[in-house]
Amino acid sequence: MTTHHKTKILIVAYPTQGHINPSLRFANRLINLGVDVTFSTSESVIRRIDTQTSHHGLTFAPFSDGHHNGLQPTTTLQQFFSDFATNGASSVADIISSAAAEGHRFDHLVYTTVVPWAPKVANEHNLKSTLLWCQPTTVLDIYYYYFNGYQDLISCNNNNPTFPIDLPGLPSLIIADLPSFMKSSCPTEEDYGLPYLKEHIDALKISPRILVNTFDELEMEPLRAIENLVMLPVGPLVPSNDSFGCDLFEKPKEDYINWLNTQPKSSVVYVAFGSMATLSLDQAQVEEMASGLVESGRPFLWVIRDSNQVGKLSNIEVLKKQGMIVSWCSQVEVLNHQTVGCFLMHGGWNSTVEALAAGVPIIAFPLWSDQWTNAKMIADVWKAGVKVKQRDGDGMVEGKEIKRCVEMVIEDGEMRRNAKKWRELARQALSNGGSSAVNLQAFVDDV
């Protein structure tokens with residue numbers, strides 16, 4: 001009698017919130033399909049995941065990234081990337097070979113964005129690999145085009161924000177809509193960001209199939225824009241009832257849900273700028289946001305991680321009367337609360353898909369990386385929100401602009417109908433027989 005071999009997949013994730021959450025949610029979906037999953041990333045992250053409550057079928061394989069004090073690199077980001085790659089590559093090689101030696105060899109390796117070394121390691125061990133792309137397909141297409149024929153056009157015009165860039169199969173874009181790594185205003189990002197992304201694009205020659213955290217209806221044309229890549233949308237990777245996640249932050253016991261319960265339906269402005277982005281808003285910008293929220297006259301729930309920023313706010317008493325400021329909240333729970341009327345955020349991809357899946361219209365305030373492209377799609381393609389206008393010169397978003405956007409999004413019936421439409425399409429994609437569910441099953445069957 002033969003025993004049925006259970007498929008074994010190794011997931012290697014970059015150790016920040018934006019990569020850990022979608023890859024853990026992806027792991028959860030695989031486990032529900034009967035796959036054994038080993039999840040590997042920096043030990044500083046795995047220490048924070050509640051490994052006790054997680055699922056049967058998930059094993060953790062932590063490794064040292066050379067920076068034991070957790071997520072803050074002790075040196076430059078470039079140094080952290082390089083240490084993570086060196087330590088990660090040798091650890092992942094050990095994980096693969098010791099599993100094989102014990103007679104439990106892996107069937108496949110899945111790696112997230114910012115881990116371009118993983119497919120090479122897999123290849124050396126005769127293991128096939130697939131990229132799990134944690135940004136929209138549109139952004140992957142832009143990077144692909146950039147390194148395949150469009151670099152000169154973009155580089156020569158990258159200090160002209162309104163210069164039009166027409167890329168096959170993508171909506172009409174201008175330089176301002178491109179990821180920040182391609183813009184002259186971000187030279188330091190260019191130094192480390194683009195070489196890493198080029199490695200990713202080159203690695204797709206080894207394995208041209210890509211799992212994307214999106215769904216077919218959301219990016220129909222971008223998913224099919226590049227003939228020699230196979231894009232499999234398996235999203236939105238939002239938590240299901242039985243999924244586990246990881247929050248890399250302290251969870252204070254602030255009772256924001258009870259506060260939300262006291263507010264009128266669809267009235268609350270939820271404000272949150274992701275795990276990394278909060279750090280890049282200076283005090284002057286935080287003050288402008290505060291004045292815009294007060295001027296809007298609407299209740300708000302605002303996540304500010306830095307207690308110093310809260311302490312320095314000039315109108316703190318007024319703010320506390322009108323809304324609630326917390327240092328952490330369960331974002332998916334908040335977005336799905338019936339009193340939330342709009343979401344003011346940085347346009348990070350996880351937050352974007354969580355908002356679309358919850359049917360909440362968005363005010364996008366992009367800061368770096370893919371957020372500029374996401375904001376363009378939210379406002380002009382999916383018509384599920386607006387993008388803030390920045391002041392000429394210093395790029396500040398003024399209080400009156402925040403107020404204008406809040407009023408527009410909360411009062412615009414069409415925008416809210418569009419947001420609800422995306423919520424329904426996201427649910428259909430994930431349901432039995434839906435496009436994302438079918439794609440995931442096909443991937444597992446093929447592995």
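Residues numbered from 1 in each chain as written. Predicted model: local features only at pLDDT ≥ 70, side-chain atom pairs only at ≥ 80, totals over all residues. Heavy atoms only, no water.

- An unreviewed UniProt entry lists the protein under the name Glycosyltransferase, with Helianthus annuus as the source organism.
- Taken directly from UniProt, the Sequence similarities (unreviewed entry) text for the protein runs: "Belongs to the UDP-glycosyltransferase family." (UniProt positions renumbered as here; feature names shortened; annotations may be inferred.)

## Some remarks on the overall build of the protein
Alright, step 1. Secondary structure summary: the protein contains 17 helices and 15 strands in total.
Alright, step 2. A principal-axis box enclosing the C-alpha atoms of the protein has dimensions of 70 × 50 × 45 Å.
Alright, step 3. When the 447 residues of the protein are sorted by exposure, 58% land in the buried category.
Alright, step 4. For the protein, restricting intrachain contacts to residue pairs at least 6 apart in sequence, the fraction spanning at least 24 positions comes to 65%.
Alright, step 5. Summed over all atoms, the accessible surface of the protein reaches about 18800 Å², with 50% contributed by carbon and sulfur.
Alright, step 6. Side chains of the protein give 36 positive and 49 negative charges; the mean places of these two sets differ by 5 Å. (Helix = DSSP H or I, 4+ residues; strand = E, 2+ residues; numbered from the N terminus. Buried < 20%, exposed > 50% of the residue type's maximum accessible area, 1.4 Å probe, protein only. Contact = heavy atoms within 4.5 Å. Areas by Shrake-Rupley, 256 points an atom, 1.4 Å probe, with all protein chains shown as cover. Lys, Arg positive; Asp, Glu negative; His and termini not counted. Charge placed at Lys NZ, Arg CZ, Asp CG, Glu CD.)

## As for the packing of helix H1 (residues 17-32) against helix H17 (residues 435-446)
Alright, step 1. Viewed as axis vectors pointing N to C, H1 and H17 meet at an angle of 70°, and their least axial separation amounts to 11 Å. Relative to H17, the element H1 is oriented roughly perpendicular. Residues Phe26, Arg29 and Leu30 of H1 form the contact with H17, whose own contacting residues are Leu440, Phe443 and Val444.
Alright, step 2. Grouping the amino acids of the contact of H1 with H17 by side-chain chemistry returns five nonpolar, no polar and one charged. (Axes fitted to C-alpha atoms, helices over the stretch in contact; angles between N-to-C directions. Parallel < 35°, antiparallel > 145°, perpendicular 65-115°, else oblique. Nonpolar A, V, L, I, M, F, W, Y, C, P; charged D, E, K, R; others polar.)

## Some points on the sheet that holds strand E11 (residues 300-303)
Alright, step 1. Spatially, six strands are ordered E12-E11-E10-E13-E14-E15 in an open sheet, and the strand pairing comes out parallel. This sheet does not close on itself; its edge strands, each paired only once, are strand E12 (324-326) and strand E15 (385-387). Recorded for the sheet is a direction-independent mean angle of 15° between the axes of neighbouring strands.
Alright, step 2. Both strand E10 (residues 268-272) and strand E13 (residues 340-345) contribute to a ladder of five bridges, which runs parallel. Residue valine 269 lies in a different strand from E13, and its bridge partner there is cysteine 342.
Alright, step 3. The strands that helix H9 (residues 283-296) touches are E10, E11 and E13; relative to E11, the one it contacts most, it runs at about 170°.
Alright, step 4. Of the strands in this sheet, E13 and strand E14 (362-364) touch helix H13 (residues 349-358), which is tilted by about 165° from E13. (Pairing = 2+ DSSP bridges.)

## Points about the domain arrangement of the protein
Quoted interface sizes are often the accessible area lost when the parts come together.
Alright, step 1. Splitting the protein by domain gives domain 1 (8-244 + 432-446) and domain 2 (256-425).
Alright, step 2. The interface of domain 1 with domain 2 comprises 32 residues on the first partner and 22 residues on the second.
Alright, step 3. Where domain 1 abuts domain 2, roughly 2200 Å² becomes buried across the two surfaces, and 65% of that area is made up of carbon and sulfur atoms.
Alright, step 4. Linking domain 1 with domain 2 are one salt bridge, by the criterion used here.
Alright, step 5. Here domain 1 is connected to domain 2 by seven residue pairs in polar contact (both at pLDDT 80 or more). (Domains from an automatic or database assignment. Buried area = accessible area lost by both parts, 1.4 Å probe. Salt bridge = Lys/Arg side-chain N within 4 Å of Asp/Glu carboxyl O. Polar contact = N/O pair within 3.5 Å; in protein donor to acceptor, adjacent residues only side chain to side chain.)

## Some words on unusual backbone geometry
Alright, step 1. Cis rather than trans, the peptide bond between glycine 235 and proline 236 has omega equal to 0°.
Alright, step 2. In the Ramachandran plot, valine 114 falls in the positive-phi region, its phi being about 70° despite a non-glycine side chain.
Alright, step 3. Assignment of secondary structure puts valine 114 in the loop between strand E4 (108-112) and helix H4 (118-124).
Alright, step 4. Residue valine 114 is classed as buried on the basis of its relative accessible area, which comes to 15%.

## Comments concerning the side chain of serine 266
Alright, step 1. When you line up the elements, serine 266 lands in the loop between helix H8 (256-261) and E10.
Alright, step 2. Polar contacts involving the side chain of serine 266 include one to the side chain of arginine 416, which spans 3.1 Å.
Alright, step 3. The residues touching serine 266, leaving out its near neighbours within four places in the chain, are Gln338, Thr339, Val340, Gly341, Ile410 and Arg416.

## Digging into the sheet that holds strand E5 (residues 129-133)
Alright, step 1. Read across the sheet, seven strands follow the order E3-E2-E1-E4-E5-E8-E9 without closing on themselves; strand pairing throughout is parallel. At either end of the open sheet lies a strand with only one pairing partner, and these are strand E3 (58-60) and strand E9 (230-233). Strand after strand, the sheet turns through a mean of 25° between neighbouring axes, direction not considered.
Alright, step 2. Pairing between E5 and strand E8 (residues 209-212): three bridges, direction parallel. By the bridge assignment for E8, tryptophan 133 is matched with valine 212.
Alright, step 3. Its contacts with the sheet put helix H3 (residues 77-101) on strand E1 (8-12), strand E2 (36-40) and E4, and the angle it makes with E1 is roughly 170°.
Alright, step 4. Its contacts with the sheet put H17 on E1, E4, E5, E8 and E9, and the angle it makes with E9 is roughly 120°.

## A few points about the nonpolar core
Alright, step 1. Within the largest apolar cluster, 55 residues are counted, with the highest numbers of intra-cluster contacts made by Val92, Leu109, Trp117, Trp133 and Ile210.
Alright, step 2. Where this core is concerned, the elements lending two or more residues are E1, H3, E4, H4, E5, helix H5 (137-156), helix H6 (187-203) and E8.
Alright, step 3. Contacts of isoleucine 210, omitting those with residues within four sequence positions, involve Thr130, Leu131, Trp133, Leu140, Leu204, Leu229, Val230, Met231 and Leu232.
Alright, step 4. Val326, Leu335, Ile362 and Ala384 belong to the second-largest nonpolar core, a separate cluster that totals 38 residues. (Core = buried A, V, L, I, M, F, W, Y, C linked by side-chain atoms within 4.5 Å.)

## Things to note about the pairing of E10
Put simply, side chains in a regular strand alternate between the two faces of the sheet.
Alright, step 1. The element E10 is extensively covered by neighbouring structure, given that five of its five residues are classed as buried.
Alright, step 2. Neither face of E10 is left uncovered, since the one carrying Val268, Tyr270 and Ala272 and the one carrying Val269 and Val271 both have all their residues buried.
Alright, step 3. The pairing of E10 with E11 spans three bridges and is parallel. Each bridged residue has a counterpart across the sheet, and for valine 269 the counterpart in E11 is phenylalanine 300.

## Concerning helix H14 (residues 371-381)
Alright, step 1. Among the eleven residues in H14, nine count as buried, and that is most of the element.
Alright, step 2. For H14, the full list of buried residues reads Gln371, Trp372, Thr373, Asn374, Ala375, Lys376, Met377, Ile378 and Ala379.
Alright, step 3. Buried residues along H14 sit in contact with H5, strand E7 (173-174), H13, E14 and E15.
Alright, step 4. Two residues or fewer past H14, lysine 383 is found with a positive phi of approximately 50°.

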